[in-house]
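Chain residues, written in single-letter form:
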Amino acid sequence: MTEVCGVDVGPIASGRPFPVRGDGRHETLPQRLVTWGIGSAARLRPEIEAVVGRRQAILLTTASLAREERLLLRVQDALGGILLDTIDALAAHVPANAVRVVAERVYRSGADLLVAFGGGSVLDAAKAASSLCARGRDRETLPIVALPTTLSGSEFSHYYGVTDWDGEHLVKRGFAEPSVTPAVVVLDPELTQATPSRLWTSSGIKALDHAIEGLLSPGSSPATAPVLLDGIRRMAAVLPGTCDPEALDVRLEAQIAAWLCFVAPATVRFGLSHRIGHILGGTFGVPHSLTSCATLAPVLRSHAGDESPVLSEIAAALGTAPSAAGSGIHPAAGLAADRLLRLVRDLGLPTRLRDLSLDQDSLAVIGKLLLEHYPNDARRLGQDHERQLADLLRAMW
């Protein structure tokens, strides 16, 4: 057994090659710096100035983090004289009107830097506001500095979602702009100590969702696949031990694992677990991190008819060994899905849509919105994809 930081990295470290199939393309994002360590937020201002120069900043966060005055003051003190304003009431799922409010505050203050302190919704709000400010000023997007407090991984991505009405429903629409990728990311486990346990652990499942759907995506590459597998292995191993907010060393390991799980967002296209999650969040108000707890295992199980060898690698990274295949069914998909379900249950998290207060009537709405907004992802289910999608949603419920 080969270990890194106490985690078995098995075939990756031993040099077993990851299979490469056909032609490919690998694209990187313009992220300048990722820095990590206990107390690393104290170095915030010099790290910013070294990467993006002298700037004037607006700090974005949530009301719950603002109530944690000790942590908020730590970030504000680290920014020092470059901090012009703090917006501390950002809501989940990034309502479009909240993005406009941030842009207006940027205009009034003259800020040219956004510092996002929080989880995925705060990061998404910063990206959306950076893009909106660029359009309003006919200039480049504002640089973003990320201080993540969950394991969702948005700080490593150019993706973001904004929730608005489509005329009938609230819908969370996804965007992808490389220029809004956070320039600086600071992984400091001390800043995560106020994150509620349920949010923290469920965001770790979201990180696994990123890596697993990334590996199953047609955009997976030989440069990123081994890293994603290492992220899965590390996250599955350390996440149960991170519930104690004082376990800073273990929490830092989980933050590194989340980084590895989300190392390829410019290359991969995520699948149905993420798409269903957008609808659950934007339309039904389900917390973003919890969606993967109910969607990932069934979506993974739906790949049982695939022939991809990556399914065996995913199963092994999750800590299970697949048995021999038979009848055209890939056993690794089912074994990996079972292992994920056990992990989610062991963490005390919901595993079904009914646990998220959705009734059976909502399944038809979810299916309709998926087919309208993400038709290509639904078609990946194969022939008769509409029936298969309905069956998949029933399995989730």
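Residue indices follow the written sequence of each chain, beginning from 1 at its first position. A pLDDT threshold of at least 70 governs which residues receive local features in this predicted model, and a stricter bar of 80 or more applies before side-chain atom pairs are shown or counted, although totals over entire chains, interfaces and linings include all residues. In computing side-chain properties, one takes all heavy atoms of the structure into account and sets aside hydrogens as well as water.

(A) Layout of the pattern of salt bridges. Salt bridge, as applied in this entry: a Lys or Arg side-chain nitrogen positioned within 4 Å of an Asp or Glu carboxyl oxygen. Counted under the stated rule, the structure contains 14 salt bridges. Measuring nitrogen to oxygen at the nearest pair gives 3.4 Å for the salt bridge that ties arginine 54 to glutamate 49. A simple rule labels every residue: compare its accessible area, found with a 1.4 Å probe on the protein chains alone, to the largest value its type can have, and call it buried under 20%, exposed over 50%, or partly exposed in between. On the basis of relative accessible area, glutamate 49 is assigned to the partly exposed category, the value being 26%. A salt bridge links aspartate 384 to arginine 387, with the nearest nitrogen and oxygen atoms 2.5 Å apart. Arginine 387 sits in the partly exposed class, given a relative accessible area of 44%. In the salt-bridge network here, residues are joined through shared partners; they are Asp384, Arg387, Asp391 and Arg394.

(B) Here's a closer look at the sheet that holds strand 7 (residues 144-148). Paired strands, in this sense, are two strands between which DSSP finds at least two bridges. The numbering of helices and of strands both runs from the N terminus, where a helix is a DSSP run of H or I of at least 4 residues and a strand a run of E of at least 2. Taken together, the six strands give an open sheet; going across it, the order is 3-10-7-6-4-5, and neighbouring strands pair in parallel fashion. Pairing within the sheet leaves two strands with one partner each, and these edge strands are strand 3 (33-36) and strand 5 (83-87). Taking each pair of neighbouring strands and ignoring which way they run, the sheet shows an average axis angle of 15°. All axes here are fitted lines through C-alpha atoms, helices being fitted over the stretch that makes contact, and every angle between N-to-C directions spans 0 to 180 degrees.

(C) Helix 9 (residues 248-261), seen in detail. Here, expected helix span is obtained from the residue count minus one, scaled by 1.5 Å. With 14 residues, helix 9 extends 20 Å from end C-alpha to end C-alpha; this agrees with the ideal 20 Å at 1.5 Å per step. In terms of burial, helix 9 is a largely internal element, eleven of the 14 residues being buried. Regarding helix 9, the residues found buried are Leu248, Arg251, Leu252, Glu253, Ala254, Gln255, Ile256, Ala257, Ala258, Leu260 and Cys261. Where helix 9 is buried, its residues contact strand 3, strand 7, strand 10 (184-187), helix 7 (197-216) and helix 8 (225-238). The contact rule is simple, with two residues in contact once any of their heavy atoms fall within 4.5 Å.

(D) Representation of the layout of surface pockets. We place a 1 Å grid over just the protein atoms. Points where a 1.4 Å probe fits but has no way out form a cavity, open points with protein on both sides within 12 Å along at least 5 of 7 lines form a pocket, and any residue with an atom within 4 Å of a point lines it. Grid points are joined across faces, edges and corners, and a volume is the space filled by probe spheres set on the points. Roughly 540 Å³ of internal volume is contained in the second largest pocket. Mapped by element, the contributors of at least two residues to the lining of the second largest pocket are helix 7, helix 11 (288-301), helix 13 (331-346) and helix 16 (385-396). Any residue outside Ala, Val, Leu, Ile, Met, Phe, Trp, Tyr, Cys, Pro, Asp, Glu, Lys and Arg is labelled polar, Gly included; the first ten of those are nonpolar and the last four are charged. The residue inventory of the lining of the second largest pocket, partitioned by class, reads eleven nonpolar, seven polar and eight charged.

The values reported here are purely geometric and, on their own, carry no functional implication.
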